[in-house]
Amino acid sequence: MAPGAAHETKRWPVAHWQRLVGRLVNHYDVVVVGGPGEVALADDVAAAGGERAASAAGRFDPRQRRASESRCTVSEYDTGLMHSTAVGTPVALFGPTVRKFGFTPYRARATILERDLPCRPCSAHGGPSCPIGTHACLTEIEPDLVFESVRRLPR
């Protein structure tokens, strides 16, 4: 999984990632990926999974990182990594942006999880904080919903 995002408004809460990892490790081994600036985040998320989760953030050159990202199952959408849906990320979390802006997974089998809220879209590119202070577009996507989406994926 890839919990990083360049803009705060595109970040699913760390506690949600941790809850998801806590559930996933009962069924899967989990690897958290990201760039050099996301090592602490990836380490925090992976720690929720104990021995069945590991952080690989910041450990690869760009080519290796793209290869590892091609194996990702879950990420926020419209981040650098989620553009890798072209190589396989099947569960996408949409927050402040919407599909009509052209930020959609390239693969037909991708599951898009998003909330239908009157405040969406608030931004095409994200920003430092939610304009109305709720961040509901992502906080209301519950880890259990993401977990069930992952469980429905073909193995």
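The structure this text deals with has already been given above.
Residues numbered from 1 in each chain as written. Predicted model: local features only at pLDDT ≥ 70, side-chain atom pairs only at ≥ 80, totals over all residues. Heavy atoms only, no water.

## Some thoughts on the pattern of salt bridges
Stage number 1. Summed over the entire model, instances satisfying the criterion amount to 7 salt bridges.
Stage number 2. Taking the shortest distance from any N to any O, the salt bridge between Glu8 and Arg11 comes out at 2.6 Å.
Stage number 3. Its relative accessible area of 28% is what places Arg11 among the partly exposed residues.
Stage number 4. As a salt-bridge pair, Glu148 and Arg23 come within 3.9 Å of each other at their nearest N and O atoms. One end of the pair, Glu148, is in helix α5 (residues 143–151); the other, Arg23, is in helix α1 (residues 14–24), and 125 residues separate them in sequence.
Stage number 5. Classification of Arg23 as partly exposed rests on a relative accessible area of 31%. (Salt bridge = Lys/Arg side-chain N within 4 Å of Asp/Glu carboxyl O. Buried < 20%, exposed > 50% of the residue type's maximum accessible area, 1.4 Å probe, protein only. Helix = DSSP H or I, 4+ residues; strand = E, 2+ residues; numbered from the N terminus.)

## Quick notes on the nonpolar core
Stage number 1. Ranked by size, the top nonpolar core spans 29 residues in total, and within it Met1, Leu20 and Val146 carry the most contacts.
Stage number 2. Listed by contribution, the elements that provide at least two residues to this core are α1, β1 (30–32), α2 (39–47), β4 (91–93), α4 (136–139) and α5.
Stage number 3. When residues no more than four places from it in sequence are discounted, the contact partners of Leu20 are Met1, Trp12, Val74, Pro143, Val146 and Phe147. (Core = buried A, V, L, I, M, F, W, Y, C linked by side-chain atoms within 4.5 Å. Contact = heavy atoms within 4.5 Å.)

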